[in-house]
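Given next are the chains, with one letter for each unit.
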Amino acid sequence: MDESYPVQSTATTIRVVEALLDRGQAGVTELARALDLSKGAVHNHLQTLYRLGFVVRDGRQYRVGSRFLDLAARARENVPAYRAARGEVTRLARSSGEVAALVVEEHGTATYILVTGNEDGEVDVREGERSPLHTDAAGKAILAHRPEDEVRELVGARAEPDGASAEGPALFEELRTVREQSVAFDREKQADGTRSVAAPLTTDDGRAVGAVCVVGPADRMSGKRLEEDVTGLVVSSAKSISVDLF
């Protein structure tokens, strides 16, 4: 167990919740074995979550309850970029015919807080998904409009341009291009069969507070459609949202 958390019991509660999510549902014994905790400790955490309405009990089995949806919805409403972008992201999905998303930086990750146009699940992207900033088109759009020292802090050693990491100089060069063009691409870097294009949401001082992107299958997101048609829609949406940010 990581001893770095100031309140270990809170960290344990989160571990219990995540273990339940991984399994769909589980009992005390199964969770205790999986988390290397005593059954008494697991039972106490589950009972607390149950009484607060965050887990549901069916006999001896527990599952995560929908009260977390309420928390997530309320938390998202507090993000200025979400309030400004939600209508435009929906329109972007409709006009592009692909999945459109709003991405913000949280804890050094590209975090997808709004995904629309993916009702059939054709593209493997979901709300709440997180990925490293420097491997994601939307993440790179955000990084390109942050100060260089902040980029190093967010990305870590991979971004150090001192020759120790081959990826460092290449990343900063790519970010310079993204900054000049105000658009970033992901052409199957993660080999998942999809491509994406993203543009930053910037404030008056040029700082990115998020990004909008379109994600689609590689066979549709190619050539002129990717480089011009979809890119034009994404850039236009980002500019429109940026005007309404604050």
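The structure displayed is predicted, hence computed values, not measured ones.

Draft legend 1. Fine view of helix α5 (residues 80-96). Helix length check: α5 (17 residues) gives 24 Å between terminal C-alpha atoms against 24 Å at 1.5 Å per residue, within 8%. Restricting attention to buried positions, one finds in α5 the residues A81, Y82, A84, A85, E88, V89, L92, A93 and S96. Each element contacted by the buried residues of α5 is listed here: α4 (67-77), β3 (99-106), β4 (109-116), β7 (194-202), β8 (208-217) and α9 (223-243). The first or second residue beyond α5 is G97, which carries a positive phi of 75°.

Draft legend 2. Inspection of the pairing of β7 at higher detail. Within β7, eight of the nine residues are buried, leaving the element largely enclosed by the surrounding structure. Where strand β6 (residues 184-187) lies against β7, four bridges are found, and the strand directions are antiparallel. Within β7, the residue paired with D186 across the bridge is S196. Alignment of β7 against β8, held across nine bridges, turns out to be antiparallel. Residue A198 lies in a different strand from β8, and its bridge partner there is C213.

Draft legend 3. View of the environment of A211. Along the chain, A211 falls in strand β8. Under the relative-accessibility criterion, A211 is labelled buried at 0%. Separated by 128 residues in sequence, A211 and R83 have C-alpha atoms that sit 13 Å apart. Contact partners of A211, with chain neighbours within four places excluded, come to A101, L102, V103, A138, A141, I142, A199, P200 and L201.

Draft legend 4. Main features of helix α1 (residues 8-23). If you check α1, its first and last C-alpha atoms are 23 Å apart, about what 16 residues at 1.5 Å a residue would give, namely 22 Å. All buried positions along α1 are accounted for by A11, T12, V16, V17, A19 and L20. Of the residues one or two after α1, G24 is the one with positive phi, at around 85°.

Draft legend 5. Here's a closer look at the sheet that holds β6. Strand order across the open sheet formed by six strands is β5-β4-β3-β8-β7-β6, with antiparallel pairing between neighbours. With one partner strand each, in any of the chains shown, β5 (130-132) and β6 form the two edges of the open sheet. In this sheet, adjacent strand axes meet at a mean angle of 30° when their direction is disregarded. As paired strands, β3 and β4 are joined by seven bridges and run antiparallel to one another. Bridged to L102 within β4 is L114.

Thresholds applied
Residues numbered from 1 in each chain as written. Predicted model: local features only at pLDDT ≥ 70, side-chain atom pairs only at ≥ 80, totals over all residues. Heavy atoms only, no water. Helix = DSSP H or I, 4+ residues; strand = E, 2+ residues; numbered from the N terminus. Expected span 1.5 Å × (residues − 1). Buried < 20%, exposed > 50% of the residue type's maximum accessible area, 1.4 Å probe, protein only. Contact = heavy atoms within 4.5 Å. Pairing = 2+ DSSP bridges. Axes fitted to C-alpha atoms, helices over the stretch in contact; angles between N-to-C directions.

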